[in-house]
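Examining the three-dimensional arrangement
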Amino acid sequence: MSPIVHLALAAGLALGLIARTHAAETTAAEPQPLTAKQAQRELKILKRALSDLHPGLYRYQTPEQFEAEFARAETEVANGSDALKMYLISTRIAAVLRCGHTWTNPLNQGQSVQDAIAALPALPLRVRLLEGRLLVTASADRNVPNNVELLTIDGRTPSALANEFMPYLRADGGSDGKRLSQLDSNVDGGAMDRLLPLLHPPGAHGYRLRFRPLGGQTGAAISPAVKEAMVAGMPINERERRLLKAGIAPENTLWRFEIDGDIATMTLPTFAFWQSDFDWSAFLQRSFNTLKERKVDKLILDLRQNEGGDDAIGNTLHSHLMATPFVIPALRLESAYERAPYDLARFMDTWDFSFFDRTGQVVRGEGRNWLAREQPADNRIAPDAQPYLGRVALLTGPRMSSAGFLIARNLKASRRATLIGQATGGNLRGLNGGQLAWLVLPTSGVSVDIPLIGSFSKTPQPDSGVLPDITVHTTLDDVAAGIDPDIVAAKRWLVRGGNL
C-alpha cells in the first residue's frame, strides 16, 4: 500500500470502523480520573495532532474558531476531569472539523473507556428520528410499547435534544442529515445511547417519558391519549439482549437479492468486508446473471444503510450497469505534512506507519497543505462484458457516506440510475479519508480517528451530499405501520416507465 492512496480503502478502513490492535490502552475497570494538569496536557496533544496531521482542518472552520473551541475545553477541565468527560469533549472537538472520518470511534477507545461507554444508562429503547420527531422502534421496557412517539424525555423534546446533540455528531461539511441519522439505533448510529446519559443522566428513578401511540400499533389495549412512564437507564448490551430474547432482531446488514414478479431488489448495506470471506464479486455476478436469465428489466438498488468501505465494490457494481465507459474526474490529493512530527508518534497508531513519512512523495502547496507529487488520473470504469441495461432505481439516504456516497454520486453523474429518497451524507466538495491514524490520549485512553489524506474537488461544488432525483419523505406513521415510502415510490417509478 503506497503512502498516497485513493479515498475509500477496503473493508471499512475509510470509515475507521476497525478497532486498533496494539495501541496503548488504560487498564482500569473504571474511567480514569484526570487532574487538571493531565487533562490540559491531553488537550494540547489533541490540538497538536489535529493541527499537524489533519488535511481538512480549516475547510469548514477558521483558525479563530479552532482556537476558541480549545479555549472552551481548557475551561471545562480547569478543575480536573475523567475519561468520560474527556471522551465527550474530544467528540465535540472532532465534530467541529465537519469531517465524517474524524470522530471518537467507540471501537478504538481504550478498554476502560469502552467499558464505561458500554455501562452508560441508555434508554431501554431503540429509536428513530424523523423530521424532529422520535419513534420507539423497539422497547425493552414493558411500560413503553413499540411504535409510540416519544414526546419528551425528562421534559426535553426530541427536536430540542437533537439541536443540543448536533455539535457532537460527525458528517462532512453541511450534510446535517447524516449527523441526525446517527441518533438512530442502528449499526452506524447509537449516538443517542452515548450522548443522552453523558449530557443528561437519568434521575434517581430513571427517565420520565411522555409518549403517544402511532398507526403501527393498533388494538383496544392502547389508548390514543398521551401517557407517561418512568424507565430505568439500561446498558446497551442488556437492552439488546432483552430485545433479542423477545424475538426482535437487530438491523439486517447482510447483502440480499430477491425478485418479486418483474421487479428485483438488491440490498447492499455495506462495502466493508475487512477480514471477511464474503465474495462480494461473485454475489454481484450471480445476481446480474439471474436478472438476465429471467429477463427482469426493473431493478431497485437499496444502499440507504451503506456508510462505505471499499470503493472498488461500488465501481464493480457500476460496471455491471453500463454499456459504455464512465470516467470519474480525478480529485486533488493533499496532506497536512511531509513528515509527521516525531514527538507525536508515541500517541499514534495505524495499520501502516509509512503513512507518517511522505518524503519525496509530496510538494509544498500554495496554502497550508502539501500536494501529492503524483496526482491521480481520471478513473475510467469499463462496462461489464454483458452489462445489465434494465431500468434502475437507487434508494438513497443520509447514512450513505464515504464509498456509499461515491457510488451515489457516480450513478447519478452517469445517469445510469434514478436516485429516490433523501440526500446522502458525504460531500461533493471532497472528503478526508483513505489513510487513517488513531490518536490515543495517554491518561484517559480516549482515542480520536484522524484522516491523513484529503481528496478535494478541482472545480467548485455545493456543500452537500448527493441530492435525489425524486425526493421522498418518510413519516413516523409510515415506519410504525411498516410502510417504506422509498420502496413504494421506486416501484411506482419502475412500473410507470420512469414516471411518477
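Cut-offs used in this document
- Residues numbered from 1 in each chain as written.
- Predicted model: local features only at pLDDT ≥ 70, side-chain atom pairs only at ≥ 80, totals over all residues.
- Heavy atoms only, no water.
- Core = buried A, V, L, I, M, F, W, Y, C linked by side-chain atoms within 4.5 Å.
- Buried < 20%, exposed > 50% of the residue type's maximum accessible area, 1.4 Å probe, protein only.
- Helix = DSSP H or I, 4+ residues; strand = E, 2+ residues; numbered from the N terminus.
- Contact = heavy atoms within 4.5 Å.
- Axes fitted to C-alpha atoms, helices over the stretch in contact; angles between N-to-C directions.
- Parallel < 35°, antiparallel > 145°, perpendicular 65-115°, else oblique.
- Left-handed = near helix turned anticlockwise from the far one by under 90°.
- Nonpolar A, V, L, I, M, F, W, Y, C, P; charged D, E, K, R; others polar.
- Pairing = 2+ DSSP bridges.
- Polar contact = N/O pair within 3.5 Å; in protein donor to acceptor, adjacent residues only side chain to side chain.

Here's the deal with the nonpolar core
Within the largest apolar cluster, 68 residues are counted, with the highest numbers of intra-cluster contacts made by Leu 50, Val 144, Leu 150, Ile 153, Leu 209 and Leu 439. No other element matches the 8 residues that helix 3 (residues 83-96) contributes to this core. When residues no more than four places from it in sequence are discounted, the contact partners of Leu 50 are Leu 57, Phe 66, Phe 70, Ile 93, Leu 97, Thr 102, Arg 368 and Ile 450. Ala 264, Leu 321, Ala 403 and Leu 431 belong to the second-largest nonpolar core, a separate cluster that totals 32 residues.

A look at the packing of helix 1 (residues 36-53) against helix 2 (residues 63-76)
Close contact between helix 1 and helix 2 brings their axes to 10 Å; oriented N to C, the two are set at 165°. Relative to helix 2, the element helix 1 is oriented roughly antiparallel. You can see that helix 1 and helix 2 cross each other, and the crossing is right-handed. Where helix 1 approaches helix 2, its residues Gln 40, Leu 43, Leu 46, Lys 47, Leu 50 and Ser 51 are matched on the opposing element by Phe 66, Glu 67, Phe 70, Ala 73 and Glu 74. For the contact of helix 1 with helix 2, the per-class residue count stands at 6 nonpolar, 2 polar and 3 charged.

Quick word on the packing of helix 5 (residues 158-165) against helix 7 (residues 191-199)
At a minimum axis separation of 11 Å, helix 5 and helix 7 run at an interaxial angle of 90°. With respect to each other, helix 5 and helix 7 are oriented roughly perpendicular. From helix 5, Leu 161, Glu 164 and Phe 165 reach across to helix 7, where they touch Met 192, Leu 195, Leu 196 and Leu 199. The class makeup of the residues in the contact of helix 5 with helix 7 is 6 nonpolar, no polar and 1 charged.

Remarks on the pairing of strand 8 (residues 256-260)
Side-chain positions along a regular strand alternate between the two faces of the sheet. Judged from the 5 bridges that link them, strand 8 and strand 9 (residues 263-267) form a sheet pairing that is antiparallel. Paired with Ile 259 across the strands is Ala 264, a residue of strand 9. Where strand 8 folds back onto strand 9 in an antiparallel hairpin, the turn is made up of 2 residues, including Gly 261, whose phi is positive at roughly 70°.

A short note on the sheet that holds strand 17 (residues 391-396)
One open sheet holds the 6 strands; their spatial order is 8-9-10-17-18-23, and the pairing between them is mixed. A strand with exactly one partner marks an edge of an open sheet, and here the two such strands are strand 8 and strand 23 (470-471). Running at roughly 145° to strand 17, helix 11 (residues 403-413) makes contact with strand 10 (298-302), strand 17 and strand 18 (418-421) of the sheet.

A word on the side chain of Arg 304
Relative to the assigned elements, Arg 304 resides in the loop between strand 10 and helix 10 (311-319). A polar contact of 2.8 Å, which involves the side chain of Arg 304, links it to the side chain of Asp 484. A distance of 3.0 Å separates polar atoms of two side chains, one belonging to Arg 304 and the other to Asp 486. Excluding its chain neighbours within four sequence positions, the residues that come into contact with Arg 304 are Leu 395, Thr 396, Gly 397, Arg 399, Met 400, Asp 484, Asp 486 and Ile 487.

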